Every structure is written in C-alpha cells, then in structure tokens.
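Descriptive structure summary
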Amino acid sequence: MNFYVLTLFPEMIEAGTGTSITGRAMKNGIISMEAINIRDYACNKHKHVDDYPYGGGAGMVMQAEPICLACDDIRKRTGKKPRVVYMTPQGKTFNQKIAKDLAKEEDLILLCGHYEGIDERVIDMEVTDCISIGDYVLTGGELAAMVVMDAVSRMVPGVLTNDDSGMDESFENDLLEYPQYTRPEVYRDMKVPDILLSGHHANIERWRREQSILRTAENRPDLLRKAVGSFDKKDRKFMRENGLGDFLEE
Ligand code: ADE
C-alpha cells in the first residue's frame, strides 16, 4: 500500500508516522508513505495556495489548481489513478469497515484541508471519498489522515504479525474487546480474575465473551443492539441474567 498525503504541513505527517508496527511495515516495504507539499504546486511567485471565499465570509479557501496539479503529478509518476480521500468533518464517519475497504487499494491519495476548506471544484473533479474521523473540528486534516493511515495499514496483509493479533479485537462482530491482564498477579491489592489463572480454556473463552458483552452494553449500547442478532442461546441467557434482556426484545 502506497500512501500519498497532500498537505501544507508535510513535516507534521513525517513526524507522526514511521514508528511502531507501521514503521516496521514501512521498513519491510509492505507500505510506503510520501508527504507531498501542496505549496510546491503553487503557480504564483508568492506560493499562495489560498484565497478569499466568493460570496464573502470568514477565513480563506484552498485553491483548486495546486491540488489538482499535485494529483496529476501522482497519476503521471505512478501510471495509476488512485482513489482520492479528502479528510473533512463533512465526510462519512470513519470506521473499521471503511478501513478494511481502503486497505484493498494498492495506492491511496489522502488530501488534507486547512483554512475554511477547499474549493468545491476539487471535490467534484478529484475526490472519490470524503471521510471524517468524528464529530469535532480539527485545525486541519493532517491528524485525521494519520488516523486513517494507521487504521488502514493494520488491515493490509502482512502488516500485523501473529504477535500483534487482530482476531479478537474490538469491532470484530460488533463487540468491544474484553479486559486483559499481565504480570504481576496482584498489583496494589488488585488481583487478576481467578478464571484467567485456571488454565480452563473453555471457561476463559466464555468469561471473555461475557466481559465483552458487559463492556459493550456499558460503553456502546448502539453496537450491542447490532451484535445481538448473532447471539446464541448462552449469550441470550447471560443477557437476561444481567439485566440486558431489553436489548434482545428490540
Ligand atoms: N478536518 C477537520 N476536522 C476533521 C475531522 N473531524 N475529520 C476529518 N478531517 C477533518
């Protein structure tokens, strides 16, 4: 997977990538990332990339030309036509399903906006996907692009090794992950649940599933409502015994 990040702050993207699991994947050549400065494609001597909005109003709008030229350049260099993902609070809310979908691509262009946004004609001409990372407004799309790259990278085959695990994790089957413990057995008078020390794998698996259900009920009732569709008899009994029967009836 090759990421091309169009930004006015390439150093921010470079500083925020290249460590940990994704750093290892970059060194192994499974993913690559190029931060491209949109200002390098400005056509005026002052290297302006923004201007006042037509119709008036606060702030500045990023102009179409440098962004389109930067996209042209990527297409020319690679000989491909990658999807162009614009990071914007007006986009579809990012989730694990979108991460998996984007991970199927061989190349992705991530476009980071600044100021009051970008000229709508860029969106009409170049952008294939608009993505928001949540219902809040950032000062620019860079942090959002880094979030998307991280989540997408983990879904690219070969990026996670066996040690990194990806099977039991949150959002697989619409349940949040169960609690984890490691040594020591007692920390500040708090003991690891006995069942995890029992060595009884079937009971541990059952306990983890029930903890996942309880945690999802507490923090993400919206997810639990979706998850109950695939619950078996044991899950349903557990739900009823723990005051969660209402989720089954809806
Ligand atoms: N740019 C500014 N805010 C954003 C958000 N919430 N998601 C994606 N890009 C953004």
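That block above? That's the structure.
Let me sum up the structure you'll find in this document. (Residues numbered from 1 in each chain as written. Predicted model: local features only at pLDDT ≥ 70, side-chain atom pairs only at ≥ 80, totals over all residues. Heavy atoms only, no water.)

All right, on to the site of the ligand then. The ligand sits among Met87, Thr88, Pro89, Ile131, Ser132, Ile133, Gly134, Tyr136, Val137, Leu138, Gly140 and Ala144. Between Gly134 and the ligand, the recorded distance is 3.2 Å, taken from a backbone N or O atom to a nitrogen atom. In this structure, Tyr136 approaches the ligand through a main-chain N or O atom, which is 2.8 Å from a nitrogen atom. The fraction of the free accessible surface of the ligand (260 Å²) that becomes covered by protein chains is 96%. In terms of residue count, strand E5 (residues 83-93) provides more of the shell around the ligand than any other element does, three residues in total. Of the residues contributing to the shell around the ligand, the split by class is eight nonpolar, four polar and no charged. (Near = heavy atom within 4 Å. Polar contact = N/O pair within 3.5 Å; in protein donor to acceptor, adjacent residues only side chain to side chain. Areas by Shrake-Rupley, 256 points an atom, 1.4 Å probe, with all protein chains shown as cover. Helix = DSSP H or I, 4+ residues; strand = E, 2+ residues; numbered from the N terminus. Nonpolar A, V, L, I, M, F, W, Y, C, P; charged D, E, K, R; others polar.)

Moving on: the sheet that holds E5. Sheets are built from strands that pair by backbone hydrogen bonding, the pairs being arranged parallel or antiparallel. Ordered by their spatial adjacency, five strands build an open sheet running E2-E1-E6-E5-E7, and the pairing between neighbours is parallel. Strands with a single pairing partner mark the edges of an open sheet, and in this sheet they are strand E2 (32-37) and strand E7 (129-132). Each neighbouring strand pair of the sheet contributes to a mean axis angle of 30°, computed without reference to strand direction. Two elements, strand E1 (residues 2-7) and E2, share six bridges in a ladder whose sense is parallel. For Val5, the partnering residue across the bridge sits in E2 and is Ala35. Against the sheet, helix H3 (residues 64-78) makes contact with E1, E2 and strand E6 (107-112), and its axis sits at roughly 160° relative to E1, the strand it touches most. (Pairing = 2+ DSSP bridges. Axes fitted to C-alpha atoms, helices over the stretch in contact; angles between N-to-C directions. Contact = heavy atoms within 4.5 Å.)

Turning next to the nonpolar core. Core analysis: the biggest nonpolar cluster contains 29 residues, and Phe94, Leu102 and Val152 have the highest contact counts within it. Contributions of two or more residues to this core are made by E1, E2, E5, helix H4 (96-102), E6 and helix H6 (142-154). With 23 residues, the next largest nonpolar core counts Ile36, Cys71, Ile109 and Val122 among its residues. (Core = buried A, V, L, I, M, F, W, Y, C linked by side-chain atoms within 4.5 Å. Buried < 20%, exposed > 50% of the residue type's maximum accessible area, 1.4 Å probe, protein only.)

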